[in-house]
Amino acid sequence: MPGRVARLLLGALFGAFMLFLYGPTLTITILSFQGPDGGLTFPMNGVSLHWFGRLFQPQAVGDLGAAMTRTLLLAAMVTATTVVVSLAAGMAFRRRFAGSTVLFYLTVASLIVPSLLVSLGIGLMFNLMEWEPAWYSSAFGAQLTWTLPFGLLIMFAVFNRFDRSWEEAARDMGATPWQSFWHVVLPIIAPSVVGIALFGFTLSFDEFARTLLTAGSGNTLPLEILGMTTTVTTPVLYALGTVSTAVSFLVIGGALIGMRLMRKRRGI
Amino acid sequence: MTRLFPWIQTAPLALVLAVFLLVPVGMLVVVSFYDYDAFSLIPAFVLTNYQELFTSPVTWQTYLKTIYFAGITWAVTLGIGFWIAYHLAFVVQNATLRMVLFILCTVPFWTSNLIRMIAWVPFLGRNGILNSTLIGMGAIEQPLEFLLFSDFSVILAFVHLYTLFMVVPIFNTMMRIDRRLLEAARDAGAGFWQTLWCVILPLTKPGIGIGSIFVVVLVMGDFATVRLMSGGQSASVGLMISNQYGAMQYPAAAANAVGLLLMVLLVVAAMLRIVDIRREL
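Since we're looking at a predicted model, the values are computed, not measured. (Residues numbered from 1 in each chain as written. Chains lettered and ligands numbered in written order. Predicted model: local features only at pLDDT ≥ 70, side-chain atom pairs only at ≥ 80, totals over all residues. Heavy atoms only, no water.)

**Concerning the overall build of chain A**
Alright, step 1. In terms of helices and strands, chain A carries 11 helices and 0 strands.
Alright, step 2. Of the regular secondary structure in chain A, the N- to C-terminal order runs α-α-α-α-α-α-α-α-α-α-α.
Alright, step 3. With respect to the principal axes defined by its C-alpha atoms, chain A has extents near 70 × 65 × 35 Å.
Alright, step 4. Evaluated residue by residue, chain A yields a buried proportion of 55% over its 268 residues.
Alright, step 5. A separation threshold of at least 6 residues defines the contact pool for chain A, and within that pool the share at least 24 residues apart is 71%.
Alright, step 6. Looking at chain A as shown, the accessible area adds up to about 12,200 Å², and 66% of this sits on carbon and sulfur atoms.
Alright, step 7. The centroid of the 16 positive side-chain charges in chain A is displaced by 16 Å from the centroid of its 11 negative side-chain charges. (Helix = DSSP H or I, 4+ residues; strand = E, 2+ residues; numbered from the N terminus. Buried < 20%, exposed > 50% of the residue type's maximum accessible area, 1.4 Å probe, protein only. Contact = heavy atoms within 4.5 Å. Areas by Shrake-Rupley, 256 points an atom, 1.4 Å probe, with all protein chains shown as cover. Lys, Arg positive; Asp, Glu negative; His and termini not counted. Charge placed at Lys NZ, Arg CZ, Asp CG, Glu CD.)

Below, the structure is given as structure tokens:
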């Protein structure tokens, strides 16, 4: 335990870090409510929803509504796939099987290969095969190479702490493997499954490096934002940032509440 | 039938990784040997792409710059991340408060990196908050130009984006340290720094290793942060690749991709030699 002065210093460092972490986002959230004549920085020139309104006018930026729809659909697809695939693989990885080591290293490699290279590789693959890249095919696969390893690592952490005797008890009472999974294992690990879903959704919702060269003609929201950063010089960019952050916070909040409810139901 | 279970359960994972990771990376290697002209790819086996890569001083500078960004970001995020994790694990005593503070540290991970970069613009710009505050205080007369669109702002954004990748694994390993070891160290007469150096640091090494791998890999593969925060005045290998892709110079981009991948793998391998992270999994 450090001394009193050191603890104060560490506390101050932590406070400063929080300010560093949240200050900028908070600033652009405030600035997104600039009045119609306001600029990119303070002072605030009145308070309005003008820039949020501008988001939905087609001439201000690209077709944001369509981009948002695509992004949410893609995030939903990625979330569902990530949950199911990493859950299944996590169950299998509890025992060693032929090929398990190779598959494990491949999964870790998927985290290490830079996003842009995955994007480029898939882009080239579709190009050479003369397939049409699209958000629901190439970009979908590109995002899975990022979300699945996270999902699987969470499953590892979950099953390291999992009490096998519940499952054995179920089997002793005559449950089939499917029954013991559905009625015993899944309810116990449900909060972590919500966690995997949270990873899947937010990682997909904010991803741009992996979709950059794989999304084809239909942009996702982060790609629209990336394009806007060089061309748009009004607070409309901040308004878009506020909307995007709000969606993220809604999802995080929903997931945290979901986990709490599930824990409560189990009475722990 | 049950013997087939593991393969059925992992088949989707294996399929996704094969189609969207293995084949594409193989594709990068193949295309890096292709020839090309202004209009099309020419399947061939030529070494010109690598020759250009190795003989161009600009390319060398870009690789060095990428290593420079990764090195500085690594040092700063480790410095900050270690003490933030230390504070959470050893100074904060209340378990609920610790959890709340930890979640606060991780929430930005779930929000958009692009937005978090853009959020620095009103702070650092020529007429931004920092400059007007400093001028208002009389500390400076002219606005500081180096704040935005410089190496400084690039590194600042990297630190802002990636410090939590250090905090989380280091905090995890610290929480697993048996508190009795710290008491034993104190009983044996060790001071704060001795305990830190001889007990906590060695036991935290795997967490530091994982955090370092994340940070270094993310920075080395980056293109957007460098483009946005340097305003086009600095370069990284990732940015060079995305520019070459934009100019349809696919084989050149692929050769650079192979170069970048090798660089990343070398760094990761070096780190794995220093710390054994398999114990962590």
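There is more to say after this.
**A short note on the pattern of salt bridges**
All names here are of chain B.
Alright, step 1. Under the defined criterion, the tally for this structure stands at 3 salt bridges over all chains.
Alright, step 2. For Lys65, the salt bridge goes to Asp151, with nearest N and O atoms at 2.5 Å. Of this pair, Lys65 sits in helix H3 (residues 57–91) while Asp151 is found in helix H8 (residues 151–175), placing the two residues 86 residues apart along the sequence.
Alright, step 3. Taking relative accessible area as the criterion, Lys65 reaches 24% and is therefore assigned partly exposed.
Alright, step 4. Residue Asp151 is classed as partly exposed on the basis of its relative accessible area of 24%.
Alright, step 5. A salt bridge links Arg180 to Asp178; its shortest N-O distance comes to 2.7 Å.
Alright, step 6. Residue classification places Arg180 among the exposed residues on the basis of a relative accessible area of 60%. (Salt bridge = Lys/Arg side-chain N within 4 Å of Asp/Glu carboxyl O.)

**Remarks on the interface of chain B and chain A**
Alright, step 1. Tallying the contact residues gives 80 residues for chain B and 86 residues for chain A.
Alright, step 2. Between chain B and chain A, the buried area comes to about 7,300 Å², and carbon and sulfur atoms account for 85% of it.
Alright, step 3. Considering only the side of chain B, the residues that lose the most area to chain A are Leu13(B), Phe20(B) and Trp110(B), jointly responsible for 10% of the buried surface there.
Alright, step 4. Counting every contact that joins chain B to chain A gives 0 salt bridges.
Alright, step 5. In this structure, the connection of chain B to chain A is made through 6 residue pairs in polar contact (both at pLDDT 80 or more).
Alright, step 6. Examining the composition of the side of chain B that touches chain A, we find that 19 residues originate from one element, helix H1 (residues 5–31) of chain B, more than from any other.
Alright, step 7. A class-by-class count of the residues in the side of chain B that touches chain A yields 63 nonpolar, 14 polar and 3 charged. (Buried area = accessible area lost by both parts, 1.4 Å probe. Polar contact = N/O pair within 3.5 Å; in protein donor to acceptor, adjacent residues only side chain to side chain. Nonpolar A, V, L, I, M, F, W, Y, C, P; charged D, E, K, R; others polar.)

**As for a nonpolar patch on the surface**
Residues and elements named next belong to chain B.
Alright, step 1. A grouping of Leu4, Phe5, Trp7 and Ile8 is seen on the molecular surface, where their side chains present a nonpolar patch of about 380 Å² in accessible area.
Alright, step 2. The topology assignment puts Phe5 in helix H1.
Alright, step 3. Using a relative accessible area of 31% as the deciding quantity, one classes Phe5 as partly exposed. (Patch = residues over 30% accessible without salt bridge, like charges linked within 9 Å, V, L, I, M, F, W, Y side chains within 5 Å.)

**Examining the UniProt feature "domain: ABC transmembrane type-1" (unreviewed entry) in chain B**
Alright, step 1. Sites flagged by UniProt as "domain: ABC transmembrane type-1" (unreviewed entry) map to residues 63–273 of chain B.
Alright, step 2. Helix makes up 78% of residues 63–273 of chain B and strand 0%, and the two end C-alpha atoms of the span are 23 Å apart. (UniProt positions renumbered as here; feature names shortened; annotations may be inferred.)

**Considering the UniProt feature "transmembrane region" (unreviewed entry) in chain B**
Alright, step 1. As annotated by UniProt and renumbered to match this structure, "transmembrane region" (unreviewed entry) occupies residues 12–34, 67–88, 100–123, 152–171 and 250–275 of chain B.
Alright, step 2. Taken end to end, residues 250–275 of chain B is 96% helix and 0% strand, and its two terminal C-alpha atoms sit 37 Å from one another.

**A short note on the nonpolar core**
Alright, step 1. The biggest cluster of nonpolar side chains holds 179 residues, and the ones touching the most others in it are Phe93(A), Leu120(A), Ile189(A), Phe208(A), Leu13(B), Met174(B) and Ile241(B).
Alright, step 2. The biggest single contributor to this core is H8(B), with 15 residues.
Alright, step 3. With sequence-adjacent residues up to four places away left out, Leu13(B) is seen in contact with Val85(A), Ala89(A), Phe93(A), Leu103(A), Thr107(A), Leu148(A) and Leu152(A). (Core = buried A, V, L, I, M, F, W, Y, C linked by side-chain atoms within 4.5 Å.)

**A word on the UniProt feature "transmembrane region" (unreviewed entry) in chain A**
All names here are of chain A.
Alright, step 1. As annotated in UniProt, the feature "transmembrane region" (unreviewed entry) corresponds to residues 12–33, 72–93, 102–128, 134–159, 180–203 and 236–259 in the numbering used here.
Alright, step 2. For residues 102–128, the end-to-end C-alpha separation is 28 Å, with 93% helix and 0% strand making up the annotated structure.
Alright, step 3. Structurally, residues 134–159 is divided into 96% helix and 0% strand, and its ends, taken at the C-alpha atoms, are 36 Å apart.

**Digging into unusual backbone geometry**
Residue and element names in this part refer to chain B.
Alright, step 1. Here Phe149, not a glycine, exhibits a phi torsion of approximately 60 degrees, which is positive.
Alright, step 2. When you line up the elements, Phe149 lands in the loop between helix H7 (129–137) and H8.
Alright, step 3. Of note, Met248 is a non-glycine position whose phi angle comes to about 60 degrees, a positive value.
Alright, step 4. Looking at the element boundaries, Met248 is found in the loop between helix H12 (237–246) and helix H13 (250–274).
Alright, step 5. Its relative accessible area of 44% is what places Met248 among the partly exposed residues.

**Focus on the packing of H1(B) against H13(B)**
All names here are of chain B.
Alright, step 1. Taken N-terminus to C-terminus, the directions of H1 and H13 make an angle of 120 degrees; their axes are 8 Å apart at the nearest point. Classified by the angle between their axes, H1 and H13 sit oblique to one another. The two elements H1 and H13 meet at a crossing, and its hand is left-handed. Contacts from Val25, Leu28, Val29 and Val31 of H1 reach H13 at Tyr250, Pro251, Ala254, Ala257, Val258 and Leu261. (Axes fitted to C-alpha atoms, helices over the stretch in contact; angles between N-to-C directions. Parallel < 35°, antiparallel > 145°, perpendicular 65-115°, else oblique. Left-handed = near helix turned anticlockwise from the far one by under 90°.)

**Section: the confidence of the model for chain B**
Residues and elements named next belong to chain B.
Alright, step 1. Summarising the model, chain B shows a mean pLDDT of 87, and 97% of its residues fall at 70 or more.
Alright, step 2. Between the elements of chain B, mean pLDDT differs from a low of 76, seen in strand E2 (residues 41–42), to a high of 93, seen in H3.
Alright, step 3. Reported for the predicted complex are a pTM of 0.89 and an ipTM of 0.88. (pLDDT = per-residue confidence, 0-100.)

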